[in-house]
Each structure stands twice: as C-alpha cells, then as structure tokens.
Amino acid sequence: MNVLTQIKNQQKVAAGELARGVADSASWHSQFKHSAYIFTGGLPYDLTEGDLLAIFAQYGEIVDVNLVRDRDTGKSRGFAYLAYED
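The rules behind these values
The residue count restarts for each chain, going from 1 along the sequence in the order it is written. Residue-level local features of this predicted model are given only where pLDDT is at least 70; pairs of side-chain atoms are given and counted only at 80 or more, and the full residue set underlies all totals for whole chains, interfaces and linings. Heavy atoms throughout the structure, all of them, feed into the side-chain values; hydrogens and water do not. Strands were regarded as paired on the criterion that DSSP finds at least two bridges between them. Strands are runs of DSSP state E lasting at least two residues, helices are runs of H or I lasting at least four, and both sets are numbered from the N terminus onward. Each Phe, Tyr or Trp ring, with Trp reduced to its six-membered ring, pairs with another whose centre is within 6.5 Å; inter-plane angles below 30 degrees give stacked pairs, above 60 give edge-to-face pairs, and intermediate values give tilted ones. The buried label goes to any residue with under 20% of its type's maximum accessible area, the exposed label to any with over 50%, and the partly exposed label to all in between, with areas taken from a 1.4 Å probe on protein chains only. Nitrogen and oxygen atoms within 3.5 Å of one another constitute a polar contact, given that in protein one can donate a hydrogen and the other can accept it, and given that sequence-neighbouring residues count only through two side-chain atoms. Contact definition: two residues touch when any of their heavy atoms are within 4.5 Å. Working definition of a nonpolar core: buried Ala, Val, Leu, Ile, Met, Phe, Trp, Tyr and Cys residues. They are joined through side-chain atoms within 4.5 Å. When a carboxyl oxygen of Asp or Glu lies within 4 Å of a side-chain nitrogen of Lys or Arg, that pair is called a salt bridge.

### Points about the pairing of strand β2 (residues 62-69)
Regular strands show a simple pattern: their side chains alternate between the two faces of the sheet.
1) Next: Alignment of β2 against strand β3 (residues 76-84), held across six bridges, turns out to be antiparallel. Within the sheet, the bridge partner assigned to D64 lies in β3 and is A83.
2) Next: Two successive antiparallel strands, β2 and β3, enclose a turn made up of six residues, where G74 displays a positive phi of approximately 80 degrees.

### Here's the deal with the packing of aromatic side chains
Aromatic rings in a pair are described by how distant their centres are and how their planes are angled relative to each other.
1) Next: One pass over the structure, following the stated rule, counts three aromatic pairs.
2) Next: On the basis of an interplanar angle of 40 degrees and a centroid distance of 5.8 Å, the ring pair of F39 and F79 is categorised as tilted. Of this pair, F39 sits in strand β1 (residues 37-41) while F79 sits in strand β3, and the two are 40 residues apart along the sequence.
3) Next: The structure contains a cluster of three or more aromatic residues connected by ring pairs, namely F39, F79 and Y81.

### Side note on the side chain of S76
1) Next: Within the secondary structure layout, S76 lies in strand β3.
2) Next: Under the relative-accessibility criterion, S76 is labelled buried at 8%.
3) Next: A polar contact is formed between the side chain of S76 and the backbone nitrogen of G78, at a distance of 3.0 Å.
4) Next: Excluding residues within four positions of it along the chain, S76 makes contact with Y45, L67, V68 and R69.

### Details of the nonpolar core
1) Next: Grouped together as the largest cluster of nonpolar side chains are nine residues: L43, L47, L52, F56, I62, L67, A80, L82 and Y84.
2) Next: When contributions to this core are tallied by element, the ones reaching two or more residues are α3 (49-56), β2 and β3.
3) Next: Of all the elements, β3 adds the most residues to this core, at three residues.
4) Next: Ignoring any residue separated from it by four or fewer positions in sequence, one finds L52 in contact with L43, L47, A57, I62, V65, L67 and A80.

### Overview of the pattern of salt bridges
Where charged atoms of side chains with opposite charge meet at close range, the side chains can pair.
1) Next: Per the counting criterion, the structure on display carries one salt bridge.
2) Next: Close ionic contact of R69 with E49 constitutes a salt bridge, the shortest N to O distance being 3.1 Å. With R69 in strand β2 and E49 in helix α3, this residue pair connects regions lying 20 residues apart in the sequence.
3) Next: What makes R69 partly exposed here is its relative accessible area of 34%.

The structure is reproduced here in structure tokens:
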C-alpha cells in the first residue's frame, strides 16, 4: 500500500474516533502516547542504519535505530523503527 494512502487511512481512523467521542483511554493512541518510536516503511533495501540516521536526524536527535532484517539473509526488509530523544 502506498505510504500516502496509509497516512490518509490513519487520519480517517483518528477522525472517526473523534466523531464518535471515543475516550482517550480506549483509543489506539493511548498505547503509544509515551513512545518516541516511529515506524518508517517503504525504504529502499540497500539503505543502512547510517543512511537512516543521516536522513532522519534532520527532524531531531535519534537515540535508537532498528532496521528490520531478514533472519536468514541479513538483508533489509524495507522498514525500520526509529526512536527520537523525548
């Protein structure tokens, strides 16, 4: 799925929760509200952890990078989790 489509779908879910008056504690946001991690997907398979640092450091200080790799081959699977300093 296209990244922009994913973002739009996420926005629809959030808007729907607001329209229905879903309590903060019942929302999926509450599970992650204290997390500084973000998901990054659709990455080129040849990017390294250093490349991710160089790209995403312009938005804040990164304290952890988890570039998900295939267990057998060690090659990138095209997505990562980044943690920013809170």
